[in-house]
There are 6 protein chains.
Amino acid sequence: MKRPSGRSAEQMREIRLTRHYTRHAEGSVLVEFGDTKVICTASVESGVPRFLRGSGQGWITAEYGMLPRATGERMQREASKGKQGGRTLEIQRLIGRALRAAVDLRSLGENTIYVDCDVIQADGGTRTASITGACVALVDALRVMKQRGAIKKLPEVQMIAAVSVGIYQGEPVLDLDYPEDSAADTDLNVVMTDKGGFIEVQGTAEAAPFSAEELNAMLALARQGIDQLFALQQLALDS
Amino acid sequence: MKRPSGRSAEQMREIRLTRHYTRHAEGSVLVEFGDTKVICTASVESGVPRFLRGSGQGWITAEYGMLPRATGERMQREASKGKQGGRTLEIQRLIGRALRAAVDLRSLGENTIYVDCDVIQADGGTRTASITGACVALVDALRVMKQRGAIKKLPEVQMIAAVSVGIYQGEPVLDLDYPEDSAADTDLNVVMTDKGGFIEVQGTAEAAPFSAEELNAMLALARQGIDQLFALQQLALDS
Amino acid sequence: MKRPSGRSAEQMREIRLTRHYTRHAEGSVLVEFGDTKVICTASVESGVPRFLRGSGQGWITAEYGMLPRATGERMQREASKGKQGGRTLEIQRLIGRALRAAVDLRSLGENTIYVDCDVIQADGGTRTASITGACVALVDALRVMKQRGAIKKLPEVQMIAAVSVGIYQGEPVLDLDYPEDSAADTDLNVVMTDKGGFIEVQGTAEAAPFSAEELNAMLALARQGIDQLFALQQLALDS
Amino acid sequence: MKRPSGRSAEQMREIRLTRHYTRHAEGSVLVEFGDTKVICTASVESGVPRFLRGSGQGWITAEYGMLPRATGERMQREASKGKQGGRTLEIQRLIGRALRAAVDLRSLGENTIYVDCDVIQADGGTRTASITGACVALVDALRVMKQRGAIKKLPEVQMIAAVSVGIYQGEPVLDLDYPEDSAADTDLNVVMTDKGGFIEVQGTAEAAPFSAEELNAMLALARQGIDQLFALQQLALDS
Amino acid sequence: MKRPSGRSAEQMREIRLTRHYTRHAEGSVLVEFGDTKVICTASVESGVPRFLRGSGQGWITAEYGMLPRATGERMQREASKGKQGGRTLEIQRLIGRALRAAVDLRSLGENTIYVDCDVIQADGGTRTASITGACVALVDALRVMKQRGAIKKLPEVQMIAAVSVGIYQGEPVLDLDYPEDSAADTDLNVVMTDKGGFIEVQGTAEAAPFSAEELNAMLALARQGIDQLFALQQLALDS
Amino acid sequence: MKRPSGRSAEQMREIRLTRHYTRHAEGSVLVEFGDTKVICTASVESGVPRFLRGSGQGWITAEYGMLPRATGERMQREASKGKQGGRTLEIQRLIGRALRAAVDLRSLGENTIYVDCDVIQADGGTRTASITGACVALVDALRVMKQRGAIKKLPEVQMIAAVSVGIYQGEPVLDLDYPEDSAADTDLNVVMTDKGGFIEVQGTAEAAPFSAEELNAMLALARQGIDQLFALQQLALDS
């Protein structure tokens with residue numbers, strides 16, 4: 001088996017996490033998984049959605065978008081279409097759920113953190129890159145909240161990262177780019193905590209059904225990749 | 001551990017599949033997983049979406065809805081809100097993908113099968129019940145297409161069924177109803193083919209992350225449940 | 001004259017009213033006028049629309065929908081189109097007005113009853129079936145409100161029922177099914193109270209204008225049909 | 001009984017029909033029923049909706065709107081709300097049906113006539129004024145079509161006019177203005193042809209149910225009023 | 001150079017301002033610039049948008065619309081399209097800004113004045129006619145507010161008027177009608193105060209870029225035209 | 001007078017134009033006016049809007065957007081609101097008009113160039129930065145069209161650039177950043193060609209009306225700034 005990218009089966013793309021990428025947001029990270037580039041911002045606002053008012057608890061929610069020409073062919077702008085597509089909503093629900101697992105929401109007070117993940121260039125894996133970058137932006141936003149006195153102490157954060165794996169020509173491969181993803185038999189997105197637990201496992205048979213053995217092989221590969229992501233997140237946050 | 005429903009961990013709810021439930025659709029099935037009741041219709045139209053025109057290939061697509069008072073509290077009607085929610089879109093994308101795995105689309109000619117899954121009463125597991133019932137409606141629609149001469153021979157169908165599993169009070173349990181789902185630590189939806197392959201595996205940690213061991217235990221349980229569903233589908237189709 | 005249905009001019013279809021059809025709603029009735037089948041639910045919520053706040057008075061409102069394949073040809077789902085059509089809005093306004101005539105709204109306290117009429121199979125007369133079934137669901141909801149203590153005593157209900165009549169091949173006929181409706185010269189929907197008063201009379205010339213005499217003949221026929229409906233409503237409520 | 005307007009029970013408001021009110025439309029009529037003022041334009045376009053293509057037949061359709069401050073309190077502009085309300089859709093469906101009864105659509109060729117009724121000042125009876133004025137605009141548009149050669153000969157037109165009647169303090173009264181309409185027990189809109197047939201009869205009990213006798217008394221009164229409208233339409237068209 | 005309209009370069013169309021054109025609005029003006037006819041109403045409501053609550057200050061906002069057949073070819077109704085177009089939004093933002101320059105908003109108390117400009121016939125210059133007419137409607141509305149006691153004294157109003165100028169066949173011309181506008185090289189809309197200051201200057205090169213000299217010549221011409229408009233506004237307000 | 005930015009009245013911010021900023025688009029430029037950063041892409045598609053089909057002529061259109069946290073306070077995402085705001089539509093209409101002035105559309109064949117300007121960080125002047133950057137992206141897209149053979153020869157391009165000027169504390173100043181813009185009396189956006197002609201002049205009095213002299217002083221200042229922009233565009237295109 002030879003991957004279109006020339007990478008070995010367990011080799012990730014070059015990953016970069018650039019903090020403070022834009023100026024206004026409390027947390028702002030440019031995350032790059034090779035040619036996939038996503039701006040992740042975390043914005044803090046006081047107040048919570050109606051269903052939480054008076055609970056003393058905070059909220060984290062996510063929105064996802066792509067610039068129209070982030071992709072090989074220009075897609076119609078969702079704002080001009082007048083609605084977000086199903087894929088967009090599915091991805092932003094996933095990002096939101098994943099990030100809410102990172103922090104005890106009771107530690108936020110009645111504040112909301114809006115996480116925006118905007119893909120400026122897409123080459124496969126935009127949802128996993130978004131989660132990985134957004135978790136760093138979230139930590140930065142929490143630090144700003146602490147500085148501003150919105151929260152008294154930094155909540156404990158369980159770092160979250162995500163990667164895609166697939167079965168390509170019968171073999172499990174890590175971190176698929178767009179050409180690999182298009183040709184893969186199975187696509188599996190895995191979100192984990194830095195303590196080794198699974199937050200989300202979403203596997204889809206694209207061409208042929210997959211077996212329990214293949215699933216386990218993919219999960220093992222995902223864990224390898226995610227461990228590297230945790231190290232890079234830590235490096236970025238320490239710098 | 002004692003399930004709220006009183007069932008044993010590996011016990012499914014009573015499942016019923018009623019074919020020819022409504023009169024107009026080519027396939028029409030009422031599927032019941034206990035108190036969860038979904039009307040699944042399969043409607044055949046000649047023609048395919050633009051991206052398939054001239055390909056000689058057919059298409060299967062799904063839409064999902066809930067009656068406003070299918071649930072404990074009345075939800076606002078999506079038609080009057082002016083848009084389908086993220087959960088709705090996510091579920092109907094899942095149903096469509098699953099059913100497209102059941103049939104070789106090239107065997108349909110340039111025809112489209114619209115599968116509508118409308119929940120008239122909800123008690124957890126509406127998406128898995130929908131997939132299980134819709135596959136039967138799909139077979140009925142194919143038979144009608146054959147009778148009408150829209151296709152020359154019945155395509156081979158790989159039956160598809162789905163069930164949810166979860167971790168409830170630390171133990172894997174099968175086919176969660178709504179109270180169990182609300183209290184579970186993990187929610188896993190599994191879609192399989194009757195040859196034993198996975199089509200979709202979607203696991204979400206609700207309260208606590210889950211481990212690879214827990215995932216495997218849940219998958220084994222799902223397979224048990226799905227095998228029962230395949231038997232019931234066959235029984236319904238043979239009657 | 002011979003009706004397509006083989007019925008005599010003043011003969012209604014078989015009518016069935018099944019109470020407690022679904023589990024969650026305070027009132028839930030499956031109403032069948034022959035092959036026309038509508039699920040009518042009445043849901044109680046505390047609070048009223050803004051224009052009634054502080055008035056001490058309640059509100060009753062209705063929404064109407066059809067499953068996409070309730071009809072001979074699949075219709076696009078209104079939720080996915082992003083708006084309710086004119087026919088839908090017209091029918092749900094009619095149902096709401098009719099039901100508000102059944103009860104003195106001041107007897108409800110500041111509570112709102114949402115009536116949802118969802119057609120699962122259509123064969124003509126869906127709006128009249130909806131009104132007839134919804135009035136039974138409304139009574140059930142009022143009984144539940146009384147049990148729960150939301151109201152101190154059961155309000156007096158003026159029962160409401162509705163039927164369609166038409167001119168078919170020059171003769172007035174009662175309770176048109178879809179083939180009859182399509183071929184009729186005139187279509188008249190009549191809503192009455194059990195005391196014999198008219199609540200709504202909506203007559204439309206489809207092919208040829210109609211005369212005052214024809215209108216009166218149709219109204220007399222409608223009254224006959226509606227009297228049968230009142231008897232069936234009472235029977236259902238007493239069971 | 002004394003009407004708020006001081007008119008006698010069978011007295012209509014002052015009616016005016018001003019043809020060629022605006023310059024661009026093929027037919028353009030300002031219709032005034034007292035203080036109710038509606039601009040009715042009929043616009044001709046070649047081509048028909050999809051369901052009529054190739055049929056050789058034409059189509060007539062109507063749209064209705066109100067300027068935001070046509071009413072006593074400013075209403076939100078439907079264009080800025082992003083949708084037309086149920087009342088608007090109901091009225092424009094009524095106008096369209098009424099006008100399609102005026103002409104044999106086969107005599108139009110594959111042309112569409114768009115009728116726009118825009119209320120610039122409202123004082124009750126906007127839908128009946130709209131129908132009455134729009135029928136005159138329709139005739140003017142047909143004449144222009146003939147001049148332009150879009151049709152070879154003028155189709156025969158069955159003139160259509162409409163008026164509202166009501167039960168006010170127990171007595172039938174003709175052509176209700178807004179204060180009368182608000183206080184009436186019953187509101188009945190009647191659309192007729194100049195040959196004396198009914199096109200639409202829409203009666204709604206506002207406060208108390210109405211009887212067959214009351215309905216007949218109102219219909220007789222409506223006929224009186226509509227006869228006056230036919231005379232005024234003819235006068236306008238002859239000038 | 002000869003203008004299509006036959007007017008001289010600095011000659012405006014016949015301008016008419018008819019106050020009290022409709023009955024309900026606090027201010028209601030029909031403004032005519034030749035064949036361009038716009039109904040401008042000013043409606044007063046107590047309360048202000050959220051961002052001004054508690055400020056003691058009022059607000060003025062504008063909406064703009066065209067009847068579908070105000071133009072040579074019928075345009076789709078924005079209410080039925082479900083959104084206002086970019087041109088509409090741009091024009092109503094311009095009108096709103098211009099009128100807010102007419103009055104010190106602090107003198108209004110926490111009241112909002114909604115200005116609606118609805119074009120019933122278009123022949124070029126609808127935005128400038130709208131501004132010119134709306135300012136008169138605004139003054140009338142302020143007078144009504146004073147009469148009703150909503151404000152204690154009439155605020156000082158800086159009258160606002162607007163006109164279009166263009167370069168037609170190389171020469172600056174005043175107050176373009178539609179055929180002139182379509183053929184002009186440059187289109188410039190100018191909004192001024194009666195003290196001679198500019199409120200808005202919006203110049204667009206249609207065919208060829210324009211020079212600073214041309215801009216100045218157009219501005220001088222605009223000032224001439226606007227001076228006539230101020231005189232006509234005053235005449236109307238004094239009558 | 002001292003500008004908040006510390007710049008002299010005629011001093012622009014640091015301008016940067018980075019070509020080939022993203023990978024997929026035919027033209028892709030990151031334009032920076034100080035802290036204002038906009039990604040401008042030009043995407044080529046064969047085909048033109050309906051009104052140009054068969055004309056042999058091409059089309060250029062623009063869309064504008066901001067990331068939700070491009071600004072000091074997070075704005076709601078237009079895609080999730082379901083519509084683009086008036087400001088967005090106004091700006092993208094301006095950008096489109098400006099770019100269509102750069103090229104003779106007949107030289108494009110029946111191809112459409114979509115220009116997307118997405119603001120990733122805003123600090124005033126986003127529309128002028130967008131136009132300046134988009135013109136460079138347009139040139140790159142034309143070069144790609146030539147390479148791909150979509151057009152036979154490079155069309156002549158009249159370079160377009162834009163800058164804002166204002167009256168700040170009584171003095172004209174060039175290239176306002178956000179704090180300056182918020183405090184300015186007048187805001188003027190100027191779009192010019194490299195031959196010195198004006199394409200758009202849009203001046204708005206924010207606090208006080210402006211005079212012809214002030215307008216001319218601002219225009220002179222704008223020309224100075226734009227000349228620098230043309231030099232920078234040329235430098236970027238030559239590199």
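Residues numbered from 1 in each chain as written. Chains lettered and ligands numbered in written order. Predicted model: local features only at pLDDT ≥ 70, side-chain atom pairs only at ≥ 80, totals over all residues. Heavy atoms only, no water.

**Concerning the overall build of chain A**
Note the cut-off: What counts as a helix is a DSSP run of H or I of at least four residues, what counts as a strand is a run of E of at least two, and both are numbered from the N terminus. The globule rule is 2.2 Å times the number of residues to the power 0.38, and the radius of gyration it is compared with is taken over C-alpha atoms.
Across its full length, chain A holds five helices and nine strands. Helices and strands in chain A line up, N terminus first, as β-β-β-β-α-α-β-α-β-β-α-β-β-α. Taken against the 2.2 N^0.38 rule, which gives 18 Å for 239 residues, the C-alpha radius of gyration of chain A at 18 Å falls within 12% of a compact globule. Projecting the C-alpha coordinates of chain A onto the three principal axes gives extents of approximately 55 × 40 × 35 Å.

**A look at the interface of chain A and chain F**
Condition: For this analysis, residues touch if any pair of their heavy atoms sits within 4.5 Å. What counts as buried area is the accessible surface, traced by a 1.4 Å probe, that two parts surrender upon association, with contributions from both included. Basic side-chain nitrogens of Lys or Arg form a salt bridge, by our definition, when they fall within 4 Å of a carboxyl oxygen of Asp or Glu. Two N or O atoms count as a polar contact when they lie within 3.5 Å, although within protein this holds only if one can serve as hydrogen donor and the other as acceptor, and sequence-adjacent residues are included solely when both atoms are side-chain atoms. Each residue is assigned to one of three groups, with Ala, Val, Leu, Ile, Met, Phe, Trp, Tyr, Cys and Pro labelled nonpolar, Asp, Glu, Lys and Arg labelled charged, and all others, Gly among them, labelled polar.
With 38 residues of chain A at the contact, the number on the chain F side is 38 residues. The contact between chain A and chain F buries some 3,000 Å² in all, and 45% of this surface belongs to carbon and sulfur atoms. Ranking the residues of chain A by area buried against chain F places His24(A), Arg69(A) and Arg74(A) at the top, with a combined share of 24%. If you look at where chain A meets chain F, you find 14 salt bridges. Between chain A and chain F we count 25 residue pairs in polar contact (both at pLDDT 80 or more) in total. Of all the secondary-structure elements, those providing two or more residues to the side of chain A that touches chain F are strand S3 (36-46), strand S4 (59-66), helix H1 (78-81) and strand S5 (111-121) of chain A. Residues of the side of chain A that touches chain F, tallied by class, amount to 14 nonpolar, eleven polar and 13 charged.

**Regarding the nonpolar core**
Note the cut-off: For our purposes a nonpolar core is just a set of buried Ala, Val, Leu, Ile, Met, Phe, Trp, Tyr and Cys residues, chained together by side-chain atoms within 4.5 Å. The rule is simple: take the accessible area with a 1.4 Å probe, protein chains only, and divide by the maximum for that residue type; under 20% is buried, over 50% is exposed, in between is partly exposed.
Core analysis: the biggest nonpolar cluster contains 446 residues, and Ile113(A), Ile113(B), Ile113(C), Ile113(D), Ile113(E) and Ile113(F) have the highest contact counts within it. Excluding residues that lie within four positions of it along the chain, Ile113(C) makes contacts with Ala42(C), Ser43(C), Val44(C), Trp59(C), Ile60(C), Thr61(C), Leu108(C), Leu138(C), Leu142(C) and Met145(C).

**A few points about the pairing of strand S3 (residues 36-46) of chain D**
Residues and elements named next belong to chain D. Which entries qualify depends on this criterion: A pair of strands is treated as paired once DSSP finds two or more bridges between them.
Of all the eleven residues making up S3, eight are buried; the element is thus mostly covered by neighbouring parts of the structure. Bridge analysis of strand S2 (residues 27-33) against S3 gives seven bridges, and the strand direction is antiparallel. Within the sheet, the bridge partner assigned to Leu30 lies in S3 and is Ile39. Two successive antiparallel strands, S2 and S3, enclose a turn made up of two residues, where Gly34 displays a positive phi of approximately 60°. In terms of strand pairing, S3 meets strand S5 (residues 111-121) through ten bridges, oriented antiparallel. Paired with Lys37 across the two strands is Gln121, which belongs to S5.

**Some details on the arrangement of the chains**
Here chain A and chain D are not in contact; the least distance found between their C-alpha atoms is 11 Å. For chain C and chain F, which are not in contact, the least C-alpha distance works out to 11 Å.

**Examining the sheet that holds strand S3 (residues 36-46) of chain B**
All names here are of chain B. Put simply, the test is: Every axis in this analysis is a line fitted to C-alpha atoms, fitted for helices over the stretch in contact. Angles between the N-to-C directions lie between 0 and 180 degrees.
The five strands are arranged S1-S2-S3-S5-S4 in an open sheet whose pairing can be described as mixed. The outermost strands of the open sheet, each flanked by one partner alone, are strand S1 (15-19) and strand S4 (59-66). Recorded for the sheet is a direction-independent mean angle of 20° between the axes of neighbouring strands. Strand direction decides the pairing type here: S1 and strand S2 (residues 27-33), joined by five bridges, are antiparallel. Bridged to Ile15 within S2 is Phe33. Across the sheet, helix H3 (residues 126-148) lies against S1, S2, S3, S4 and strand S5 (111-121), angled at about 35° from S3, the strand it touches most. Across the sheet, helix H5 (residues 212-238) lies against S1 and S2, angled at about 25° from S1, the strand it touches most.

**A few points about the packing of helix H2 (residues 86-100) of chain D against helix H3 (residues 126-148) of chain D**
Residues and elements named next belong to chain D. To keep things clear, this is the line we draw: Put simply, angles under 35 degrees are roughly parallel, angles over 145 are roughly antiparallel, angles from 65 to 115 are roughly perpendicular, and the rest are oblique. Should the near helix be turned anticlockwise from the far one by less than a right angle, the crossing is termed left-handed; should it be turned clockwise, right-handed.
Packing of H2 against H3 brings their axes to within 10 Å, and their N-to-C directions diverge by 40°. Regarding the angle of H2 to H3, the classification is oblique. Here H2 runs over H3; the crossing is right-handed. Counted together, Arg87, Glu90, Ile91, Leu94, Ile95, Ala98 and Leu99 of H2 and Thr126, Arg127, Ser130, Ile131, Ala134, Cys135 and Leu138 of H3 form the full contact between these two elements. The class makeup of the residues in the contact of H2 with H3 is nine nonpolar, two polar and three charged.

**Focus on the relation of the copies chain A and chain F**
Inclusion rule: In this comparison the copies share one frame, found by least squares on the C-alpha atoms of residues holding pLDDT of at least 70 in both.
Note on the identical chains: chain A maps onto chain F by a rotation of 180° and an axial translation of 0.0 Å, with an RMSD of 0.0 Å. Such a combination of rotation and displacement between the chain copies is what one expects of a two-fold axis.

**Quick notes on helix H5 (residues 212-238) of chain D**
Test applied: The length a helix should cover is 1.5 Å for every residue beyond the first.
The end-to-end C-alpha separation of H5(D) is 39 Å, in line with the 39 Å expected for 27 residues at 1.5 Å each. Buried residues of H5(D): Leu215(D), Met218(D), Leu219(D), Leu221(D), Ala222(D), Gly225(D), Ile226(D), Leu229(D), Phe230(D), Gln233(D), Ala236(D) and Leu237(D), and no others.

**Some remarks on the side chain of Glu32(E)**
All names here are of chain E. When you line up the elements, Glu32 lands in strand S2 (residues 27-33). Its relative accessible area of 8% is what places Glu32 among the buried residues. Here Glu32 is in contact with Glu14, Ile15, Arg16, Thr18 and Lys37, once residues within four sequence places are set aside.

**Let's talk about the sheet that holds strand S5 (residues 111-121) of chain F**
Residue and element names in this part refer to chain F. With respect to topology, five strands assemble into an open sheet ordered S1-S2-S3-S5-S4, the strand pairing being mixed. The sheet is open, and its two edges are formed by strand S1 (15-19) and strand S4 (59-66), each paired on a single side. Across the sheet, the mean angle separating the axes of adjacent strands is 20° when strand polarity is ignored. Helix H2 (residues 86-100) contacts S4 and S5 of the sheet and is inclined by roughly 145° relative to S4. Running at roughly 35° to strand S3 (residues 36-46), helix H3 (residues 126-148) makes contact with S1, strand S2 (27-33), S3, S4 and S5 of the sheet.

**Overview of the UniProt feature "binding site: phosphate" (unreviewed entry) in chain A**
Basically, it comes down to this: UniProt positions are given in the numbering used here, feature names are shortened, and annotations may be inferred rather than shown by experiment.
Here, UniProt's "binding site: phosphate" (unreviewed entry) annotation points to Arg87(A), Gly125(A), Thr126(A) and Arg127(A). Considering the C-alpha atoms alone, the annotated residues occupy 41 residues of sequence yet fold into one spot, their largest mutual distance being 13.2 Å. Position of Arg87(A) relative to the elements: it lies in helix H2 (residues 86-100). Once you skip the residues sitting within four places of it in the chain, Arg87(A) turns out to touch Tyr64(A), Met66(A), Thr126(A), Arg127(A) and Arg93(B). Inspection of the secondary structure assignment puts Gly125(A) in the loop between S5 and helix H3 (126-148).

**Re the pattern of salt bridges**
Under the criterion given, the structure shown has 126 salt bridges over all chains. The salt bridge involving Arg16(A) is made with Glu32(A); its shortest N-O contact spans 3.5 Å. Pair noted here: Arg16(A) is in strand S1 (residues 15-19) and Glu32(A) is in strand S2 (residues 27-33), with a separation of 16 residues, a long-range link. By relative accessible area, Arg16(A) is classed as partly exposed at 42%. Arg19(E) serves as the salt-bridge partner of Asp140(E), at 2.7 Å between the closest nitrogen and oxygen. With Asp140(E) in helix H3 (residues 126-148) and Arg19(E) in strand S1 (residues 15-19), this pair connects stretches of sequence that are 121 residues apart. A residue is classified by how much of its surface remains accessible, and Arg19(E), at 16% relative accessible area, is buried. Each of Arg3(A), Arg7(A), Arg13(A), Asp123(A), Asp175(A), Asp177(A) and Glu180(A) takes part in one network of salt bridges that share partners.

**Quick look at the UniProt feature "domain: Exoribonuclease phosphorolytic" (unreviewed entry) in chain A**
UniProt records the feature "domain: Exoribonuclease phosphorolytic" (unreviewed entry) for residues 11-141 and 159-224 of chain A in the present numbering. Between the end C-alpha atoms of residues 11-141 of chain A the distance is 31 Å, and the span holds 27% helix and 32% strand.

**A short note on the environment of Asp194(E)**
Residue and element names in this part refer to chain E. In this structure, Asp194 sits in the loop between strand S8 (186-193) and strand S9 (198-205). Given the relative accessible area of 38%, Asp194 is considered partly exposed. Between the alpha carbons of Asp194 and Phe230 there is a distance of 6.7 Å; along the sequence they are 36 residues apart. Excluding residues that lie within four positions of it along the chain, Asp194 makes contacts with Gln158, Met159 and Phe230.

**Points about the side chain of Thr22(E)**
With respect to the helices and strands, the residue Thr22(E) is situated in the loop between S1 and S2. There is a polar contact of 2.7 Å between the side chain of Thr22(E) and the side chain of Ser28(E). Not counting the four nearest positions on each side in its chain, Thr22(E) is found in contact with Ile120(D), Gln121(D), Ser28(E) and Thr41(E).

**Quick look at the environment of Met192(A)**
All names here are of chain A. Within the secondary structure, Met192 sits in strand S8 (residues 186-193). When the C-alpha positions of Met192 and Glu180 are compared, they lie 23 Å apart, and in sequence the two are twelve residues distant. Excluding its chain neighbours within four sequence positions, the residues that come into contact with Met192 are Met159, Ile160, Ala161, Gly197, Phe198, Ile199, Arg223, Ile226 and Phe230.

**Regarding the environment of Val48(A)**
Tracing the sequence through the fold places Val48(A) in the loop between S3 and S4. Val48(A) has contacts with Arg53(A), Gln57(A), Gly58(A), Trp59(A), Glu110(A), Asn111(A) and Thr112(A), leaving out every residue within four places of it along the chain.

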